[in-house]
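# What the coordinates show
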Amino acid sequence: IGDTNEQSLKDAAAAAMVSSLGDKWSYYMTRDEYETYTLHSANEYAGIGVTVAKDEKSGGFKLTSVTANTPASDAGLKEGMVIMTIDGESVTGQSVDGLREMIQAKLNSKIVLGISVDGGKPSDYTVDCSIIHTNPVTYELKENNVGYIKISNFDSGSGDAAIAAIEDLLSQGAKSILFDVRDNPGGFLSELIKLLDYILPEGTIFISVDQQGNETVTKSDNVCLKMNMAVLVNENTYSAAEFFAAALSEYKWATVVGAPTTGKGRSQTTIELSDGSAVHISSRKYLTPNGVDLSQQGGITPDTVVYNSDPSVDSQLNKALNILS
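Here the residue index of a chain counts from 1 through its sequence in written order. A pLDDT threshold of at least 70 governs which residues receive local features in this predicted model, and a stricter bar of 80 or more applies before side-chain atom pairs are shown or counted, although totals over entire chains, interfaces and linings include all residues. To obtain the side-chain values, all non-hydrogen atoms of the structure were used and water was disregarded.

### What about the pairing of strand β12 (residues 203–209)?
Note the following rule: Buried residues are those whose accessible area, probed at 1.4 Å on protein chains only, stays under 20% of the maximum for their type, while exposed residues exceed 50% and partly exposed ones sit between those limits. Under the scheme used here, helices are H or I runs from DSSP no shorter than 4 residues and strands are E runs no shorter than 2 residues, and both carry numbers assigned from the N terminus. A pair of strands is labelled paired if DSSP reports no fewer than 2 bridges between them.
In terms of burial, β12 is a largely internal element, seven of the seven residues being buried. As judged from the six bridges shared by β12 and strand β13 (residues 215–220), these two strands associate in the antiparallel manner. Counterpart to Thr204 in the pairing with β13 is Lys219. The hairpin formed by β12 and β13 contains five residues between the paired strands, and Gly213 there has a positive phi angle of roughly 90°. Direction of pairing for β12 relative to strand β17 (residues 278–287): antiparallel, over a ladder of three bridges. When the sheet's bridge partners are listed, Ile207 is paired in β17 with Leu287.

Structure (structure tokens):
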């Protein structure tokens, strides 16, 4: 009785099949989800270049940040403005995800946003919805010549971006380096290896094990970066980010600071299916340079365990900076 959607039934069946494996790192993606995943893996997304939060007073969405050199900034949008309509359609009943879907549905076209400023009557702003590239690495030179590098993920371009950040900080006079991989969900092995090879001395930097138990060992050359270093991690540091911290720790190349990590020592292969959907499934086991399986071990326990109990104070960052100063 009632209507059914054949594609929804197929998606649900495929998702249930992968879920039955009992591996939380394996999952099924619909065609739309896979398209979004592909963009994210390239450090790109479809949008206009803003982050938003629900504005309870007006029911619209307040711009909490506007990224420079994006369609939003080019159109004159600024932090604090409130989106009330998209192409004349009210957004007051939408969630943040719903708003995102409304904007992404306009990819490669111009959209007219009804924008309210300081509670005033909305004015129209025409904005291009396009593919926007995001930089996974940000950095700055902090006090006592500590070079701080935040690596948001290990997806496309992160390895070269991190190396460029190190070299720029060194040119500015950095005497030590602090890598922040908190909330980093990992990414591509190739990006991780590129950065580890740049930093670490000659030796094993990564071990991959296939289903039959065959090991593939990746080694670093003898060119390295030797200086005081620390790595910030937390409970949301996954996969390649965990292995980055573990490798530097095992070589005694850096002090690890923060909260214990998750423990994801499995690699996934993404298999695209004929209808544009995909299966992301665990296919290999990863080991640290010393042969440790982080999944079995339950992640990394930092050399210095620090929790951010007060949201207004970054105790982990402060501790790491003190260690390097």
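Next comes the rest of the description.
### Here we look at the packing of helix α5 (residues 158–171) against helix α6 (residues 189–199)
Here is the rule we go by: To define axes, lines are fitted to C-alpha atoms, for helices over the stretch in contact only, and angles between the resulting N-to-C directions are given on a 0 to 180 degree scale. Should an angle fall under 35 degrees it is called roughly parallel, over 145 degrees roughly antiparallel, and 65 to 115 degrees roughly perpendicular, with every other angle called oblique. Any two residues whose heavy atoms approach within 4.5 Å at even a single point are treated as in contact. Just so you know the grouping, Ala, Val, Leu, Ile, Met, Phe, Trp, Tyr, Cys and Pro go in nonpolar, Asp, Glu, Lys and Arg go in charged, and all remaining residues, Gly too, go in polar.
Look at α5 against α6: their axes get within 7 Å of each other, and the N-to-C directions meet at 30°. When the axis of α5 is compared with that of α6, the two are roughly parallel. Touching Ser158, Gly159, Asp160, Ala162, Ile163, Ile166 and Glu167 of α5 are Glu191, Lys194, Leu195, Tyr198 and Ile199, all from α6. Per-class residue counts for the contact of α5 with α6 are six nonpolar, two polar and four charged.

### Section: the sheet that holds strand β10 (residues 146–151)
Ordered by their spatial adjacency, six strands build an open sheet running β9-β10-β11-β14-β15-β18, and the pairing between neighbours is mixed. Because the sheet does not close on itself, it has two edges, and the strands there are β9 (137–142) and β18 (304–305). Pairing of β9 with β10 involves six bridges; the strand directions are antiparallel. Residue pairing for β10: Val137 is matched across the bridge by Ile151. Most of the contacts of helix α9 (residues 315–324) go to strand β14 (residues 228–233), to which it runs at about 170°, and overall it touches β9, β10, β11 (176–180), β14, β15 (255–258) and β18.

### Concerning the nonpolar core
This is how the line gets drawn: Residue types Ala, Val, Leu, Ile, Met, Phe, Trp, Tyr and Cys, when buried and joined through side-chain atoms within 4.5 Å, form a set referred to as a nonpolar core.
Core analysis: the largest hydrophobic core is formed by 40 residues, its most contacted members being Phe179, Ile199, Met229, Phe244 and Leu248. Listed by contribution, the elements that provide at least two residues to this core are β10, α5, β11, α6, β12, β14 and α7 (239–250). If you tally residues by element for this core, the top one is α7, at eight residues. By size, the runner-up hydrophobic cluster in this structure holds 18 residues, among which are Ile48, Phe61, Leu99 and Cys129.

Everything listed is a geometric property; what it means functionally is a separate question.
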